[in-house]
There are 2 protein chains.
Amino acid sequence: MPGKANGVGVQVEDTKICVVMVGLPARGKSYIAQIAQRYLQWLSIPAQTFNVGNYRRNDAPHPTADFFDFNNAEGERKRRAAAEAAVADMLRWFRSGGVVGILDATNSTKDRRKWVHEICDANGVEVLFVESVCDQEDVIMANILDVKTSSPDYKDQDPEEAANDFRRRISQYEKVYKTIDGDGDEGDYTYLKIMNIGKQVIINRIQDYLQSRIVYYLMNLHIRPRSVWLSRHGESLYNLDGRIGGDTMLSPRGELYAKKLPELVRESDDRSLTVWTSTLKRTIATARWLPAHYNQLQWKALDELDSGVCDGLTYQEIKDSYPDDFVARDDDKYNYRYPAGESYRDVVIRLEPIIMELERSEDILIVTHQAVLRCIYAYFMKKDQAKSPWMNVPLHTLIKLTPRAYGTEEIRYEANIPAVSTWRGKGSTAKHEAPTGDTM
Amino acid sequence: MPGKANGVGVQVEDTKICVVMVGLPARGKSYIAQIAQRYLQWLSIPAQTFNVGNYRRNDAPHPTADFFDFNNAEGERKRRAAAEAAVADMLRWFRSGGVVGILDATNSTKDRRKWVHEICDANGVEVLFVESVCDQEDVIMANILDVKTSSPDYKDQDPEEAANDFRRRISQYEKVYKTIDGDGDEGDYTYLKIMNIGKQVIINRIQDYLQSRIVYYLMNLHIRPRSVWLSRHGESLYNLDGRIGGDTMLSPRGELYAKKLPELVRESDDRSLTVWTSTLKRTIATARWLPAHYNQLQWKALDELDSGVCDGLTYQEIKDSYPDDFVARDDDKYNYRYPAGESYRDVVIRLEPIIMELERSEDILIVTHQAVLRCIYAYFMKKDQAKSPWMNVPLHTLIKLTPRAYGTEEIRYEANIPAVSTWRGKGSTAKHEAPTGDTM
């Protein structure tokens, strides 16, 4: 049977991959697991993290470092039981349609890795080990500080004592930890070794396309501080008419926003940005008053969702001329594709290289369109696909997103220049409608 | 000033990268250099290979292995002079707008690599070392056999003696060869180490997007034998009318081609293929009689070039309604973008993930459209961008491409089912015109 190409353009229904994290505590394993899961889910690939620590806490909610002494038989038994429970849940999840399961644990011994590999292999699951090796003291310290304040293991404990105990826990692991050894028994494993968050990576025996996508994504990560700014173009002439698509210029109020954008950007930060626009007139015009020393790039991939035969129509005209399409789109807005046009899913696929480039880059301001902005925003903020096409993205507003270890921070800067609303509720054909319910 | 996003969507005008090949003779360095150059040129990134052997042959056209003895002062002097001449030419080329220069030589000592690195650094050129390490005897033997028959060094010599001499030459290099050492002095270099053609890769200190694209491309290569089959959809109803674009079904003769396609494929090979189509009805219909056990995927990225406002028109109608566009397109068909549509350049950008996936994959049959097929064909056959949009790609013909070490082999299988011609000469508005001049 013909299969639909999925998010990354490949049929993944038959692939099951267990991404097995490897590394000492405080090496950013959970961070890597979290963003890998976000990336895959954004691409419509079912992905789930199984954190062995969460299972262990059922049995041992607040263990001290002694618990992690590998000579402590009781601790060892409980930790083994937690790993077994996590893997069992993961295998059940694979049987119900899971594609990429992420096993978040130290997996610091060859024995433990062999055990995971064998059990996955016996269940038809490919294994991709992802080891994070880090000897940069500042990164490790930042992770330790983070754990002592945020880990449920140290809830309600003195932060200083928590940090000391966590350092002792790391020492317990250091006694038994063995890095993945490409020349030895583990040379046949598929693995990615990340040294000091991307300075060097080693990639061994990648087997298929989905593995290579995950590896390419992870090798592009960095943890240098940076932000991503998002803005729609200023109000356009088609916005005033309630028409979709097209390539019209800005309205007088849209021009005012373009003139004010440099000030909004300065208010948000004093760093120099790189500016990406689409190839359409209204985004290029919106960005044209930004400082001349900002590098500007036009990307076709940032053009608005292509509404095909409906380009240039109002929603009332669409309902009149294509009544079935009008209903079908409201029914499943994420997957609905305009005749001769695109769906939100199509837009996500063409945005994937943009996301990859964003992950590599430092400070970027993106001036783009409503649907495209919704997709990029959904990536950073982990928004649900079914809901993101209905989010309200107001005109004349600058959004600053700053990725942090455990999520993305958002600040909005309003230009206070009036504009029409381009938001539309399900079933509505109004030209301009006040947004209700879920906004971004 | 705003810059146009180029082939890979980034502004590369300010980047200059020297890809410095490293490795013993017969490790596939020239093969890697050649396909990296092809890939970059296809993406409109100026790329050029500088083969030090070609420079050395000016001075020493048919050297024996003794010439490569590192104790042979005369040989050493000539080889050094050849490297200097190649690098000097490369730097001149960078100054005239070159972006990626590939220095194809063994560069087998740390001293030589340090010298190249310093001279590039002094000239504002980034250095990416690409080392090919191979201990698979069959691969080395195949390369030796290839050199003895194709290298100008051994022209008109007895093949057996040539092979023996070449083995002695390799031994000379083995005496001084040092692999790039990530822990030592070379740990700060940017490098990609490819072990046994992709089994393992090590990536160190990638600095920017273009480097990461080159590295990702090279890490996806494999040398397992495979072919790529290309076919247009069967003749469509719009083809009969001389209309472009649309999403019409097959004509009766197009249906005959679809029914015959399985037989043509069997004639060409008895292996099982994976089939990729676009999301448009005419490619899906063309592929629907292929064996049920062939995996089929639909890719939006394989849809025909979007002719925007001209979709569904004949060339006469385009000339009547958009006379300026009609002339502009014929003037520069590769870069011309239909209003609200695409250019050939845009199609290449969206095909880039397809090419990447093709490089990773084994046997794939692609059923797609005229413009898309031209772009894919241009990649494999190194066709000029200015010419490829004018190539004749006949309907009802299966093309089998088989990548080899020094180029791509092509075989065509004609269905012998008549179809209209959809080729069009410059300036013509004919509905169906006999192709003249350059065909594919």
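Residues numbered from 1 in each chain as written. Chains lettered and ligands numbered in written order. Predicted model: local features only at pLDDT ≥ 70, side-chain atom pairs only at ≥ 80, totals over all residues. Heavy atoms only, no water.

1. As for the overall build of chain A
The condition that has to hold: Numbering of helices and strands runs from the N terminus; a helix is a DSSP stretch of H or I covering at least four residues, while a strand is a stretch of E covering at least two. We call a residue buried when its accessible area falls under 20% of the maximum for its residue type, exposed when it is over 50%, and partly exposed in between, using a 1.4 Å probe and counting protein chains only. It only takes one pair of heavy atoms within 4.5 Å for two residues to be counted as in contact. Per-residue and other accessible areas follow the Shrake-Rupley method at a 1.4 Å probe size, with only the shown protein chains counted as cover for residues. Positive residues here are Lys and Arg, negative ones are Asp and Glu, while His and the chain termini are left out of the count. Note on charges: their place is set at NZ of Lys, CZ of Arg, CG of Asp or CD of Glu.
Counting its secondary structure elements, chain A contains 14 helices and 13 strands. With respect to the principal axes defined by its C-alpha atoms, chain A has extents near 75 × 55 × 40 Å. A total of 440 residues make up chain A; the buried ones form 60% of that total. Counting contacts in chain A only where the partners sit at least 6 residues apart, residues at least 24 apart contribute 72% of the total. Carbon together with sulfur atoms contributes 49% to the accessible area of chain A, which is approximately 17700 Å² in total. Between the averaged position of the 58 positive side-chain charges in chain A and that of its 64 negative side-chain charges there is a distance of 2 Å.

2. A few points about the UniProt feature "active site" (unreviewed entry) in chain A
Residues and elements named next belong to chain A. The criterion, for reference: UniProt positions are given in the numbering used here, feature names are shortened, and annotations may be inferred rather than shown by experiment. Under this definition, polar contacts are N or O atom pairs within 3.5 Å; protein pairs additionally need one hydrogen-donor-capable and one acceptor-capable atom, and for neighbouring residues in sequence, both atoms have to be side-chain atoms.
With numbering aligned to this structure, UniProt lists the feature "active site" (unreviewed entry) at His233 and Glu304. These residues run over 72 residues, yet every pair of their C-alpha atoms falls within 10.8 Å of each other. Checked against the element boundaries, His233 lands in the loop between strand 8 (228–232) and helix 8 (237–241). For His233, the residues in contact, after removing those within four places along its chain, are Asn239, Arg282, Thr283, Thr286, Val367, Thr368, His369 and Leu395. In terms of polar contacts, His233 uses its side chain to reach the side chain of Arg282, at 3.4 Å. Turning to its location among the elements, Glu304 is positioned in the loop between strand 10 (296–298) and helix 11 (315–321). Judged by relative accessible area, Glu304 falls into the buried class, the value being 19%.

3. Quick word on helix 4 (residues 110–122) of chain B
Residue and element names in this part refer to chain B. Basically, it comes down to this: By this rule the span expected of a helix is its residue count minus one, scaled by 1.5 Å. The directions considered for the arc run from the helix axis to the C-beta atoms.
Across its 13 residues, helix 4 extends 18 Å between first and last C-alpha, which sits within 8% of the 18 Å expected from 1.5 Å per residue. Of all the positions in helix 4, only Arg112, Arg113, Trp115, Val116 and Cys120 are classed as buried. Mapping the buried residues of helix 4 onto a view down its axis gives an arc of 160°, with all of them on the same face. For helix 4, the exposed residues lying more than 90 degrees away from the buried face are Asp111, Asp121 and Ala122. On the buried face of helix 4, the contacting elements are strand 2 (17–22), helix 3 (73–95), strand 4 (100–104) and strand 5 (126–133).

4. Focus on the domain arrangement of chain A
Residue and element names in this part refer to chain A. Where we set the bar: In this document the domain limits rely on a domain assignment from an automatic tool or a database. Values labelled buried area give the accessible surface lost by two parts on being combined, using a 1.4 Å probe and summing over both. We define a salt bridge as a contact between a side-chain nitrogen of Lys or Arg and a carboxyl oxygen of Asp or Glu at a distance within 4 Å.
Entries for chain A in the domain assignment read domain 1 (17–220) and domain 2 (228–414). The gap between the C-alpha centroids of domain 1 and domain 2 is 36 Å. Taken over both partners, the interface formed by domain 1 and domain 2 buries close to 1600 Å², and the fraction arising from carbon and sulfur atoms is 55%. When the buried surface of domain 1 facing domain 2 is broken down by residue, Arg38, Trp42 and Asn220 rank first, second and third, together holding 47% of it. Summed over the shared surface of domain 1 and domain 2, the result is two salt bridges.

5. Observations regarding unusual backbone geometry
Leave glycine aside and you will find that most residues have negative phi; peptide bonds, for their part, are mostly trans. Here the phi dihedral of Asn196(A) falls at roughly 50°; this positive angle occurs in a residue that is not glycine. Tracing the backbone through its elements, the reader meets Asn196(A) in the loop between strand 6 (190–195) and strand 7 (200–204). Residue class for Asn196(A) comes out buried when judged on its relative accessible area of 18%. Of note in the backbone geometry, Ser44(B) takes a positive phi value of approximately 65° without being a glycine.

6. Looking at the pattern of salt bridges
Note on pairing: side chains with opposite charge can pair once their charged atoms come close. Residue and element names in this part refer to chain A. According to the stated counting rule, one finds 58 salt bridges over all chains in the structure shown. One salt bridge in this structure joins Asp153 and Arg169, with 2.8 Å as the shortest N-O distance. With Asp153 in the loop between helix 5 (137–150) and helix 6 (159–176) and Arg169 in helix 6, this pair connects stretches of sequence that are 16 residues apart. Here Arg404 and Glu409 are joined by a salt bridge, their closest N and O atoms 3.0 Å apart. For Glu409, a relative accessible area of 39% corresponds to the partly exposed category. Where salt bridges share partners, they join Arg56, Arg57, Asp153 and Arg169 into one cluster.

7. Topic: the pairing of strand 13 (residues 407–414) of chain A
All names here are of chain A. Selection criterion: Pairing between strands is defined by DSSP: at least two bridges between the two strands are required.
As defined by bridge partners, strand 12 (residues 397–404) adjoins strand 13 across eight bridges and the pair is classed as antiparallel. Within the sheet, the bridge partner assigned to Lys400 lies in strand 13 and is Ile411. Between strand 12 and the antiparallel strand that follows it, strand 13, lie two residues.

8. So, the state of the cysteines
All names here are of chain B. Selection criterion: Here, two cysteine sulfur atoms that lie within 2.5 Å of each other are counted as a disulfide.
One pass over the full model with this rule turns up zero disulfides over all chains. There is no disulfide at Cys18, and the cysteine sulfur nearest it, in Cys120, is 4.1 Å away. On the basis of relative accessible area, Cys18 is assigned to the buried category, the value being 0%.

9. Focus: the packing of helix 7 (residues 209–219) of chain B against helix 13 (residues 344–360) of chain B
Residue and element names in this part refer to chain B. Our working rule: Angles shown run from 0 to 180 degrees and are taken between the N-to-C directions of axes, each axis being a line fitted to C-alpha atoms and, for helices, limited to the stretch in contact. When residues are sorted by character, Ala, Val, Leu, Ile, Met, Phe, Trp, Tyr, Cys and Pro go into the nonpolar class, Asp, Glu, Lys and Arg into the charged class, and all the rest, Gly among them, into the polar class.
Where helix 7 contacts helix 13, the two axes come as close as 9 Å, and the packing angle between them is 35°. Here helix 7 contributes Arg213, Tyr216 and Tyr217 to the contact with helix 13, which in turn contributes Glu352, Met356 and Glu359. Across the contact of helix 7 with helix 13, the residue classes tally to three nonpolar, no polar and three charged.

10. Considerations on the pairing of strand 2 (residues 17–22) of chain A
All names here are of chain A. Where burial is concerned, most of strand 2 is hidden: six out of the six residues are buried. Both strand 2 and strand 4 (residues 100–104) contribute to a ladder of four bridges, which runs parallel. Bridged to Cys18 within strand 4 is Gly101.

11. Brief notes about a nonpolar patch on the surface
All names here are of chain A. Test applied: In this scheme, patches are assembled from residues that exceed 30% relative accessible area and form no salt bridge. Like charges are connected within 9 Å, while nonpolar side chains (Val, Leu, Ile, Met, Phe, Trp, Tyr) are connected within 5 Å.
Taken together, the side chains of Leu237, Leu240 and Met249 present a nonpolar region at the surface, about 220 Å² in accessible area. For Leu240, the position within the fold is in helix 8. Take Leu240: its relative accessible area is 34%, and that puts it in the partly exposed class.

12. Notes on the UniProt feature "binding site: substrate" (unreviewed entry) in chain A
Residue and element names in this part refer to chain A. UniProt annotation of "binding site: substrate" (unreviewed entry) refers to Arg232, His233, Gly234, Glu235, Ser236, Leu237, Tyr238, Asn239 and Arg282 when read in the numbering used here. Separation in sequence by 51 residues is not matched in space for these annotated residues, since their most distant C-alpha atoms are only 14.1 Å apart. Looking at His233, the relative accessible area reads 3%, which means it is buried. Its place among the elements puts Gly234 in the loop between strand 8 and helix 8. Its relative accessible area of 0% is what places Gly234 among the buried residues.

13. Digging into the sheet that holds strand 4 of chain B
Hydrogen bonds along the backbone pair up the strands of a sheet, which may run parallel or antiparallel. One open sheet holds the twelve strands; their spatial order is 3(A)-4(A)-2(A)-5(A)-6(A)-7(A)-7(B)-6(B)-5(B)-2(B)-4(B)-3(B), and the pairing between them is mixed. Every interior strand has two partners, whereas the edge strands, strand 3 (47–51) of chain A together with strand 3 (47–51) of chain B, have only one. Within this sheet the neighbouring strands show an average axis-to-axis angle of 15°, counted without direction. Pairing of strand 2 of chain B with strand 5 of chain B, which is carried by six bridges, proceeds in the parallel orientation. Looking at the pairing, Val19(B) lines up with Leu128(B) of strand 5 of chain B.

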